[in-house]
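# Analysis of the macromolecular model
Next come the chains, spelled out residue by residue.
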Amino acid sequence: MIPALRPGDVLRAAQAGTVVLPVCDHYSGVEARMKKSLALQAEMAEEFGACVFDVTLDCEDGAPVGGESEHAALVTELALAAAPGMRVGVRVHPVDHAAFDADVATIAGRAGHKLSHIMVPKVESLADVVRAAAALDAAGAQGLPLQVLIESPLAVHNAFDIASHPRVQSLSFGLMDFVSAHAGAIPAEGMAAAGQFTHPLVVRAKLEIASAAHAHGKVPSHCVVTEFNDIDAMRAAARRAANEFGYTRMWSIHPNQIRPILDAFAPGERQIETAAKIVAAAEAANWAPVSFEGVLHDRASYRLYWHVLERAHATGRALPSGAKAWFGVPATS
């Protein structure tokens, strides 16, 4: 008898869904805010029954000039003290910064086993990724994934090559630096919550990055919304990123942005219910084509609905009883 296969074993394509990450990546770099972020992460994991967002501790913008080594040591201690099972990453300095090697040696060398990823900013080419990966290896963190920031026109041009590196998990769009890299050719409105979705050069960059990430099975992570007190603007931006631009993850820079991101990227109850029924029918048919409510489904559509369920699980949404076992969740929970 052929053993039953789990959906995740059957429905992995050569590209889609190779990497699955929480939909929210929350950044903080000031000591008090980093500590609060880690505490909030643990609280919300208890609430949702899963770690629903990453915390990325920031060395690039968080470290005072001249105090890079002290900040790296602080970040290392915070990462080591994080609650078990929490996803904590660190943004180090760019590969051409004088502090890069020391950042990696200190942080990855001491806390690499606790970290979910290292974020490398201002990546311009595949060579920068190779340089970062070599630094991690030298620090003894050979298995630690890389996430990268695409922040310039040249980086956008090279995004497909950058995404191809096997160590890279995710490509993030660095909106603010991308706009400023155009020397005034893109107005300041291109950085705003609304303007970033209308200026042609910004829109093109977003689409190129998302396409490059999906082409190599990586996660495209959407840029910040700096109007952090405008929850409606945050929610609208997150929905557009998820529904129109192909992003499956987004940055938060303030705690009040986390829940709107989770809500925007989470599938609705009806979507979850339909997905669970279709995947269950597929499993019962040993993944052969089935008819569901008068519509033919096969592995292409099974894969889409499986991703819906993965997203539901990653955002802490309730799963139908029959779907819980696919994620190792007890049916009674």
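In the block above lies the structure referred to throughout.
Residues numbered from 1 in each chain as written. Predicted model: local features only at pLDDT ≥ 70, side-chain atom pairs only at ≥ 80, totals over all residues. Heavy atoms only, no water.

### Structural notes on helix α4 (residues 100-111)
For the record, the criterion: Working definition: helices are DSSP H or I runs of at least four residues, strands are E runs of at least two. Numbering for both runs from the N terminus. Multiplying one less than the number of residues by 1.5 Å gives the expected span of a helix. Note on classification: 1.4 Å probe, protein chains only; a residue is buried when its accessible area is under 20% of the maximum for its type, exposed when over 50%, partly exposed between these limits. Taken from the helix axis, the directions to the C-beta atoms give the arc we talk about. The contact criterion used is simple: two residues touch if any of their non-hydrogen atoms lie within 4.5 Å.
Taking 1.5 Å as the rise per residue, α4 with 12 residues should run 16 Å; its terminal C-alpha atoms sit 16 Å apart, in good agreement. Among the residues of α4, those classed as buried are F100, D103, V104, I107, A108 and A111. Take α4 and look down its axis: the buried residues cluster within an arc of 100°, on one side only. Taken together, the buried residues of α4 touch α3 (68-80), β3 (88-91), β4 (117-120) and α5 (126-138).

### Some points on the layout of surface pockets
Where we set the bar: Cavity: a set of points on a 1 Å grid over the protein atoms alone where a 1.4 Å probe fits but cannot get out. Pocket: an open set with protein on both sides within 12 Å along at least five of seven lines, its lining residues, like those of a cavity, having an atom within 4 Å of a point. Grid points are joined across faces, edges and corners, and a volume is the space filled by probe spheres set on the points. Residues are sorted three ways: Asp, Glu, Lys and Arg are charged, Ala, Val, Leu, Ile, Met, Phe, Trp, Tyr, Cys and Pro are nonpolar, and all the rest, Gly among them, are polar.
Of the volumes computed, that of the largest pocket is approximately 700 Å³. Considering the residues around the largest pocket, the lining is formed by 29 residues, among which H214, T248, H307, V308 and R311 are closest to the centre. Mapped onto the lining of the largest pocket, the elements with two or more residues apiece are β7 (219-222), α10 (231-243), α11 (258-265) and α13 (299-314). With eight residues, α13 is the single largest residue contributor to the lining of the largest pocket. For the lining of the largest pocket, the per-class residue count stands at 17 nonpolar, eight polar and four charged. Taken as a whole, the second largest pocket spans an internal volume of roughly 590 Å³. Contributions of two or more residues to the lining of the second largest pocket are made by β1 (24-28), α2 (31-48) and α8 (175-180). The biggest single contributor to the lining of the second largest pocket is α2, with four residues. Looking at the lining of the second largest pocket, its residues break down into 13 nonpolar, eight polar and nine charged.

### With respect to the sheet that holds strand β8 (residues 249-252)
Here is the rule: Following DSSP output, two strands are said to pair if at least two bridges run between them. Note on method: axes are straight lines fitted to C-alpha atoms, helices fitted across the in-contact stretch only, with angles between N-to-C directions ranging 0 to 180 degrees.
Pairing is parallel in the closed barrel, where eight strands are placed in the order β1-β2-β3-β4-β5-β6-β7-β8. Across the sheet, the mean angle separating the axes of adjacent strands is 25° when strand polarity is ignored. Note: strand β6 (residues 168-173) against β7, three bridges, orientation parallel. In the strand pairing of β7, S172 is matched with S221.

### Notes on the nonpolar core
Here is the rule: Note on terminology: a nonpolar core comprises buried Ala, Val, Leu, Ile, Met, Phe, Trp, Tyr and Cys residues joined through side-chain atoms within 4.5 Å.
One finds V90, I107, I118, L171, F173 and F265 to be the most contacted residues of the largest nonpolar core, which totals 77 residues. Residue contacts for F173: discarding those within four places in its chain leaves L149, I150, F178, V202, A205, K206, I209, S221, C223 and Y247. Residues A276, I278, A312 and L319 belong to the second largest nonpolar core, which totals 20 residues.

### Topic: the packing of α3 against α4
Spelled out, the test is: Orientation categories follow fixed angle ranges, with anything under 35 degrees roughly parallel, anything over 145 roughly antiparallel, 65 to 115 roughly perpendicular, and all other angles oblique. By convention the crossing between two helices is left-handed if the near helix lies anticlockwise of the far one by an angle smaller than a right angle, and right-handed if it lies clockwise.
Two elements in contact, α3 and α4, have axes whose closest approach is 9 Å; the angle formed by their N-to-C orientations is 15°. The angle between α3 and α4 places the two elements in the roughly parallel class. For α3 against α4, the interelement crossing comes out right-handed. Across the interface between the two elements, E68, A72, A73, V75, T76, E77, A79 and L80 from α3 touch D103, T106, I107, R110 and A111 from α4.

### Details of the packing of aromatic side chains
Aromatic ring pairs are defined here through the distance separating the ring centres and the angle between the ring planes. For the record, the criterion: Stacked, tilted and edge-to-face are the three classes assigned to paired rings of Phe, Tyr and Trp, where Trp is represented by its six-membered ring and a pair needs centres within 6.5 Å; plane angles under 30 degrees give stacked, over 60 edge-to-face, the rest tilted.
Scanning the entire structure with this criterion turns up six aromatic pairs. Ring geometry for W306 versus W326: centroids 6.1 Å apart, planes at 75°, classification edge-to-face. Taken as a pair, W306 in helix α13 and W326 in the segment after α14 (321-324) lie far apart in primary sequence, 20 residues in all. Looking at W306, the relative accessible area reads 3%, which means it is buried.

### As for the pattern of salt bridges
Heads up, the condition is: Salt bridges are defined by distance alone: a side-chain nitrogen of Lys or Arg within 4 Å of a carboxyl oxygen of Asp or Glu.
Scanning all chains against the criterion turns up 18 salt bridges. A salt bridge links D101 to R131, with the shortest nitrogen-to-oxygen separation between them at 3.0 Å. Of the two residues, D101 sits in helix α4 while R131 sits in helix α5, which places them 30 residues apart along the sequence. Here D137 makes a salt bridge to R167, at a shortest N to O gap of 3.1 Å. Here R167 lies in the loop between α7 (159-163) and β6 and D137 lies in helix α5, a separation of 30 residues in the sequence. Judged by relative accessible area, D137 falls into the partly exposed class, the value being 32%. A residue is classified by how much of its surface remains accessible, and R167, at 13% relative accessible area, is buried. Within this structure, D58, E60, D61, R91, K122, E151 and D177 form a network of salt bridges that share partners.

### A word on the pairing of β1
Here is the rule: The path from the first strand over the helix to the second decides the hand: if it runs clockwise while the strands point away from the viewer, the crossover is right-handed.
Burial within β1 is extensive, with five of its five residues counted as buried. Burial of β1 is two-sided: the residues C24, H26 and S28 facing one way and the residues D25 and Y27 facing the other way are all buried. Strand direction decides the pairing type here: β1 and strand β2 (residues 53-58), joined by five bridges, are parallel. If you follow Y27 over to β2, its bridge partner there is T56. After leaving β1, the chain enters α2 and then returns to the sheet as β2, a path that is right-handed. Examined bridge by bridge, β1 and β8 share three bridges and lie parallel to one another. Considered in β8, the bridge of C24 is made with M250.

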